Amino acid sequence: MIKLKTALLAPLWTLQLLTSAKSFLDNPILGSTRFNALGLHVGRVKLAAGMTAWRRRRLAGKVPPAWREAFDRDGFVMIEDVVPPAQFAALRAAILSYQGPAREMRQGDAITRRMAIDPAMLAAIPALRALLARKDLVALLHYVASFRVTPLHYVQTIVSRDGANEADPQEALHADTFHSSLKAWLFLNPVEADQGPFTFVRGSHRFTPERIAWERQRSLSEPNTIDRLSARGSPRVTDQDLAAMHLEPAEALTVRGNTLVVADTLGFHARGAAMKPGERVELWSYARRNPFLPWLGGDLLSVPGLAERRINWIWRARDKWEHRLGQPWRPVGIRTPMDPKAI
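Everything in this summary refers to the structure shown in the same document. No experiment lies behind these values; they were computed from the predicted model shown. Just so you know, the residues in each chain are numbered from 1, in the order the chain's sequence is written. Restriction of local features to residues with pLDDT of at least 70 applies here, the model being predicted, together with a cutoff of 80 or more for giving and counting side-chain atom pairs; totals for whole chains, interfaces and linings are based on all residues. For side-chain calculations, the full set of non-hydrogen atoms in the structure is used, while hydrogens and water are omitted.

### Considering the packing of helix H3 (residues 40–59) against helix H9 (residues 209–219)
Taken N-terminus to C-terminus, the directions of H3 and H9 make an angle of 140°; their axes are 8 Å apart at the nearest point. The crossing of H3 and H9 is right-handed. Between H3 and H9, the contacting residues are His 41, Val 42, Val 45 and Lys 46 on the first element and Ile 212, Glu 215, Arg 216, Arg 218 and Ser 219 on the second. Here the contact of H3 with H9 is composed, by residue class, of three nonpolar, two polar and four charged. With axes taken as lines fitted to C-alpha atoms, and helix axes fitted only over the stretch in contact, angles between N-to-C directions fall between 0 and 180 degrees. Note on conventions: DSSP H or I runs of at least 4 residues are helices, E runs of at least 2 residues are strands, and numbering of each starts at the N terminus. Rotating anticlockwise by less than a right angle from the far helix to the near helix defines a left-handed crossing, while the corresponding clockwise rotation defines a right-handed one. It only takes one pair of heavy atoms within 4.5 Å for two residues to be counted as in contact. Three classes are used, and their members are as follows: Ala, Val, Leu, Ile, Met, Phe, Trp, Tyr, Cys and Pro are nonpolar, Asp, Glu, Lys and Arg are charged, and the others, Gly among them, are polar.

Rendered as structure tokens:
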């Protein structure tokens, strides 16, 4: 039976080599120590990095030079007062008071609430629609994502230190996958050092010879012998690993409200440890696409009219096919970003 299943799935596993598939556990070809000793994982890493650099060169011209230079150097950009200060208070108030469908997920002692920035929210908050359409910001997001793709946009609330016994897995320093992808946070409130700030290892988005050597070494471990998140393609990294890669320690980015951080989460990052219970609210954006595609656009779901509906479609699909796809996001009714947690 196992041999029959392997024979049936082998073509799919092989096709996944040229996609963003990353789990060494779910695809035995990706997780094969034999193939990885021959260079499979490192080959995918190098090809994806080359394609990303090629796409970014074609997108660079529209990005403000200071932002592009900061990103190329550090792997993230931090922009204070990204919304004109005279307009920020009204935008923040409109977002924090907005009522709409929300979902929540628990990870360890942290709860994350997300509300889709969908047609209803954009109609209720025109300033939010204008912000997400700003040409300079759109150009930056495209550059970091390395595609002309519209990210998924959410209003996100993080409730830290909720009392559970397990640690928040997001506090472990990690890379999201083996190739570049975009995440962005526009913080509506200040985030201090003891409030779980976004933490990043500067320059860790580059595939130096030392990073390549680390990628090769980790690909030679049997997937069942390492932690589950690493085996599923989101590798955890230690201080000793950083030193071996000639990287500096991770840096916690304390921020004022109205600060935008845009990062390539190929770089090593984490949610900093929260020392006390609390919550923060942010606009959170995410984009990840097949890294081996040569073209910049071509994403039909980035078309206006469809792009802002994707999150609700995704949630409904995962609700319907939960037994196959899984669905960690539980509906909690009509909420505001600042309402008490529901789960």
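### Topic: the sheet that holds strand E3 (residues 110–116)
Any two strands with at least two DSSP-identified bridges between them are counted as paired. Read from one edge to the other, the open sheet built from eight strands follows the order E1-E8-E5-E10-E4-E3-E2-E11, with strand pairing classed as antiparallel. The open sheet is flanked by strand E1 (76–80) and strand E11 (330–335), the only strands paired with a single partner. Between one strand axis and the next, the sheet turns by 25° as a mean value, whatever way the strands run. Pairing of strand E5 (residues 182–187) with strand E8 (residues 259–264), which is carried by six bridges, proceeds in the antiparallel orientation. Each bridged residue has a counterpart across the sheet, and for Leu 186 the counterpart in E8 is Leu 260. Seen against the sheet, helix H4 (residues 65–74) touches E1 and E8 and runs at an angle of roughly 140° to E1. Here helix H12 (residues 310–320) sits on the sheet in contact with strand E2 (100–107), E3 and strand E4 (152–160), set at roughly 65° to E4.

### Comments concerning the layout of surface pockets
Here a cavity is any set of points on a 1 Å grid over the protein atoms alone where a 1.4 Å probe fits but cannot get out, and a pocket is any open set with protein on both sides within 12 Å along at least 5 of 7 lines; a residue lines the site when it has an atom within 4 Å of a point. Grid points are joined across faces, edges and corners, and a volume is the space filled by probe spheres set on the points. Taken as a whole, the second largest pocket encloses approximately 560 Å³ of empty space. In terms of lining residues, the second largest pocket is bounded by 24 residues, among which Leu 132, Thr 150, His 153, Ser 302 and Ala 307 are the most central. Listing elements by their share of the lining of the second largest pocket, those giving two or more residues are helix H7 (126–132), helix H8 (135–145), E4 and H12. For the lining of the second largest pocket, the element with the most residues is H8, which contributes three residues.

### Describing unusual backbone geometry
Its identity is not glycine, yet Ser 146 carries a phi of approximately 70°, on the positive side. Here Ser 146 shows up in the loop between H8 and E4. A relative accessible area of 1% places Ser 146 in the buried class. Even without being a glycine, Asn 258 presents a positive backbone phi close to 75°. Relative to the assigned elements, Asn 258 resides in the loop between strand E7 (251–252) and E8. When accessible area is computed with a 1.4 Å probe and restricted to protein chains, residues below 20% of their type maximum are described as buried, those above 50% as exposed, and intermediate ones as partly exposed. Note on Asn 258: relative accessible area 2%, which makes it buried.

### Structural notes on the pattern of salt bridges
The rule for a salt bridge is simple: a side-chain nitrogen of Lys or Arg has to be within 4 Å of a carboxyl oxygen of Asp or Glu. Counted according to the given criterion, the structure contains 17 salt bridges. A salt bridge links Glu 104 to Arg 113; the shortest N-O distance between them is 2.6 Å. Relative accessible area serves as the criterion here: at 1%, Glu 104 is assigned to the buried category. With a closest N to O distance of 3.9 Å, Asp 176 and Arg 288 form a salt bridge. Remark: Arg 288 occurs in the loop between strand E10 (278–287) and H12 and Asp 176 occurs in the loop between E4 and E5; sequence separation between them is 112 residues. Classification of Asp 176 as buried rests on a relative accessible area of 5%. Residue classification places Arg 288 among the partly exposed residues on the basis of a relative accessible area of 29%. Taken together, the shared-partner salt bridges in this structure form one network comprising Arg 73, Asp 74, Arg 202 and Glu 251.

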